[in-house]
Amino acid sequence: MKKNLLILILFFSLGANAQNEQLANNYFDRGDFEKALLSYEDLLKNQIGNFNYFQRIIECYQQLQQYDKAQKAIEVQLDKFKQNQLLVELGYNFQLQKNKEKANKYYSQAIDRIKKNANEVYGIAYFFERKALVDYALLAYKTALEKDPKMSFNFQMATLYGQQGNTDLMIDTFLQEAYQNPQNLPLIQNQLSRFMTENVDANFNDSLKKALLLRAQKTQDIFWNDFLSWLFIQQKEYGKAFIQQKAIYKRNPDSFANIVNLGQMAIDDNDQDSATEILNFVLENTRDLDLLIQSHSYLIEMKIDHATEKDYPTITAELDKLIKEFGVSPYTLSLLKLQADFNAFHLNNPEKAKAILKSAMEMPINRSQLAEVKMELADILLFEEKFNQALIYYSQIDEDMSGDVIGQEASLKTAKTSYFKTDFEWASHQLKVLKSASSQLIANDALDLFLLISDNTVEDSLQVALKKFARADFLLYQNKKAAALAGFQLILKEHKGEDIEPVTLLRIGKIYEKMGDFVNALANYDAIITKHKDCIYIDEALYFSAEIYNLQLKDSEKAKLLYEEMLTKHEDSIFYVDSRNKYRKLRGDTNL
């Protein structure tokens, strides 16, 4: 009984303490340092050895410019607990009073403690870093290394070199750490990519590339080829990344999976030439069945994406030939799904498509493969306007693959089906949840559709224009470009000046672009740029226009102006980084 009572008292005591700490933190975060100070002092009375509370008390004194009280408290704590990192705190207290001489005196004393015991570096260097005393933090690590050369602080020191702006030394130190401790490679590449994207140093990419090339040539270790490949992928230079992967393959013939993945990345970024070269290389150099089928699937998918009706007979023959060559089995599932999709959405033969998929469902396939086949079948049922049947399959996938990306994708398609049916209220309800999906791509798509519905409901409570828009969008889903185009153009005519106008112009521009009519595509994008400067689609109109001038019309000057406008006015756009890289390339920068 007494034991239970003690546990109960302890439980309530801990709960009360947590509440008091939260209250103190709230005062501190709001800048109410007097109240925060009193709260932290009460907390410290109950937990005398709690260093976090003590630290916050010192910070409150310093914020209130009560430097004498802070100094006394630090000296008492240092004398009592012998925590040598408090020498840094004591020095910093004098630095806040602009007394550099005394500040440096205590900083030097802290360094002296490391000279006597190298292990002191962990607390002392951390305190120097917290106070943004970069030079002293580096000195602390160097002092420890002199005392004990077996210690390693490459990662910490590289980060500090970066804060100093000494990017060359940062690169060298990070690369040394990556080679010595490959398990830290993802962390290091993440740090380096920050410098690449934040444009801290205009020559950073060039310096990193030179450092990696030098190491690759000097050591002939494939580690550096792989690192170079990573660098080129960050810059979306898939051809150059492929050169490095080929060098790796020559010494490690089992590295084909990386090359296939590189081909997929090139496809995703619409670098068709590099993707074709990469995947053909795979086909010529492997007998692995999975890799062969995967590469063939990617190549045909690319052909379908860029095909016109005159190409359909060739694609049909190629698909039939491949399935005959490799057989109908779980191994050829990607080809079978492509064949079904092509028959439904391009040849307008959904019955044949469904037969292919239902036959595939009878094969011994795993849970994930079954979900993929069901998804394709649901897509085709949606194509046929069999909304309820499609929803049944999407719901099954969502339930069976809950938490998986394909489950979230099925949930998004459920919302889109509701949108196509003009059940906007239910679609919005589903999209609200999906806006926070773990897959960024799905979250972005959900947000776009949610905004489309909500933005075009405020002024038009009957959603007249939105219903017409959803119908045109559905025709576009069915790959009926001409009918969709007519639907969107009618919206422009009947709802001119309404909120739906800019997104309609965007859709029309995209249809013209897919049809190869770049003049009309640009005209619609330009209407957004000139007449709807404050709409949320302005960055897309700018980027798509720049891409047409850059990649299709080869007018680098016009492309450069549009990319530049993206950089100066739309830093929060998802197209910002790509625009910056392409702008630099057109400008003739060497640091690519």
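Thresholds applied
- Residues numbered from 1 in each chain as written.
- Predicted model: local features only at pLDDT ≥ 70, side-chain atom pairs only at ≥ 80, totals over all residues.
- Heavy atoms only, no water.
- Helix = DSSP H or I, 4+ residues; strand = E, 2+ residues; numbered from the N terminus.
- Buried < 20%, exposed > 50% of the residue type's maximum accessible area, 1.4 Å probe, protein only.
- Contact = heavy atoms within 4.5 Å.
- Areas by Shrake-Rupley, 256 points an atom, 1.4 Å probe, with all protein chains shown as cover.
- Lys, Arg positive; Asp, Glu negative; His and termini not counted.
- Charge placed at Lys NZ, Arg CZ, Asp CG, Glu CD.
- pLDDT = per-residue confidence, 0-100.
- Salt bridge = Lys/Arg side-chain N within 4 Å of Asp/Glu carboxyl O.
- Phe/Tyr/Trp six-rings, centres within 6.5 Å; stacked < 30°, edge-to-face > 60°.
- Axes fitted to C-alpha atoms, helices over the stretch in contact; angles between N-to-C directions.
- Parallel < 35°, antiparallel > 145°, perpendicular 65-115°, else oblique.
- Left-handed = near helix turned anticlockwise from the far one by under 90°.
- Nonpolar A, V, L, I, M, F, W, Y, C, P; charged D, E, K, R; others polar.
- Core = buried A, V, L, I, M, F, W, Y, C linked by side-chain atoms within 4.5 Å.
- Patch = residues over 30% accessible without salt bridge, like charges linked within 9 Å, V, L, I, M, F, W, Y side chains within 5 Å.
- Expected span 1.5 Å × (residues − 1).

1. Here's the deal with the overall build of the chain
Regarding its fold elements, the chain presents 32 helices and zero strands. Taking the principal axes of the C-alpha coordinates as reference, the chain spans close to 85 × 65 × 65 Å. Within the chain, the proportion of its 592 residues that are buried is 48%. Of the contacts formed within the chain by residues at least 6 apart in sequence, a portion of 50% connects residues at least 24 apart. When the accessible area of the chain is evaluated, it comes to approximately 31,200 Å², of which 50% is carbon and sulfur surface. Taking the average location of the 70 positive side-chain charges in the chain and that of its 83 negative ones, the two points are 4 Å from each other.

2. A word on the confidence of the model for the chain
Fine structural detail should not be taken from predicted coordinates in areas where pLDDT scores are low. Of all residues in the chain, 95% attain a pLDDT of 70 or more, and the chain-wide mean is 92. In this model, residues 5-15 is a region of pLDDT below 50 whose contacts with residues beyond four sequence positions or in other chains number zero contacts.

3. Details of the pattern of salt bridges
Oppositely charged side chains are able to pair whenever their charged atoms sit close together. Taken as a whole and judged by the stated rule, the model has 27 salt bridges. For Asp112, the salt bridge is made with Lys115, and the minimal N-O distance between the two is 3.7 Å. Linking Asp112 with Lys115, this pair stays in helix 6 (residues 100-116), spanning three residues, or about one helical turn. For Asp112, a relative accessible area of 34% gives the class partly exposed. In this structure, Lys310 and Asp311 form a salt bridge, with 3.5 Å as the shortest nitrogen-oxygen distance. Ionic contacts of the salt-bridge type, sharing partners, join the residues Glu351, Lys354, Glu384 and Lys386 into one network.

4. What to know about the packing of aromatic side chains
The geometry of an aromatic ring pair comes down to the distance between the two centres and the angle between the two planes. Scanning the entire structure with this criterion turns up 38 aromatic pairs. Ring centres of Phe387 and Phe474 lie 5.6 Å apart, and the angle between their planes is 50°; this geometry places the pair in the tilted category. Residue Phe387 is located in helix 22 (residues 387-400), and its partner Phe474 is located in helix 26 (residues 464-477); the two are separated by 87 residues in the primary sequence. Given a relative accessible area of 1%, Phe474 falls into the buried group.

5. Section: the packing of helix 21 (residues 367-383) against helix 22
Interaxial distance between helix 21 and helix 22 falls to 8 Å at its minimum, and their mutual angle equals 160°. Here helix 21 lies roughly antiparallel to helix 22, going by the angle between them. Between helix 21 and helix 22 lies a crossing whose hand is left-handed. Contacts from Arg367, Ala371, Lys374, Met375, Leu377, Ala378, Asp379, Leu381 and Leu382 of helix 21 reach helix 22 at Phe387, Gln389, Ala390, Tyr393, Tyr394, Gln396, Ile397 and Asp400. Residues that form the contact of helix 21 with helix 22 fall into these classes: 11 nonpolar, two polar and four charged.

6. Focus on the nonpolar core
In this structure, Tyr419, Leu431, Leu452, Ile453, Phe469 and Phe488 are the most contacted members of the largest nonpolar core, which totals 99 residues. In terms of residue count, helix 21 provides more of this core than any other element does, nine residues in total. In contact with Leu431, other than residues within four places in its own chain, are Leu412, Ala415, Ala446, Leu449, Phe450 and Ile453. With 92 residues, the next largest nonpolar core counts Val121, Leu208, Trp224 and Val260 among its residues.

7. Regarding a negative patch on the surface
A cluster of acidic residues, Asp455, Glu459, Glu498 and Asp499, forms a negative patch on the protein surface. Looking at where Glu459 falls in the secondary structure, it is placed in the loop between helix 25 (440-455) and helix 26.

8. Here we look at the side chain of Ser39
Mapped onto the elements of the fold, Ser39 is located in helix 2 (residues 33-46). In this view, Ser39 contacts Ala24 and Tyr27; residues no more than four positions away in its chain are not counted.

9. Some remarks on helix 8 (residues 134-147)
Between its first and last C-alpha atoms helix 8 spans 20 Å; for 14 residues at 1.5 Å apiece the expected length is 20 Å, and the two agree. Those residues of helix 8 that fall on the buried side of the exposure criterion are Val134, Tyr136, Ala137, Leu138, Ala140, Tyr141, Thr143 and Ala144. Here the buried face of helix 8 lies against helix 6, helix 7 (121-130) and helix 9 (154-164).

10. Structural notes on helix 2
Its 14 residues place the ends of helix 2 20 Å apart at the C-alpha level, agreeing with the 20 Å of an ideal helix rising 1.5 Å per residue. Where helix 2 is concerned, the buried positions are Phe33, Ala36, Leu37, Ser39, Tyr40, Leu43 and Leu44.

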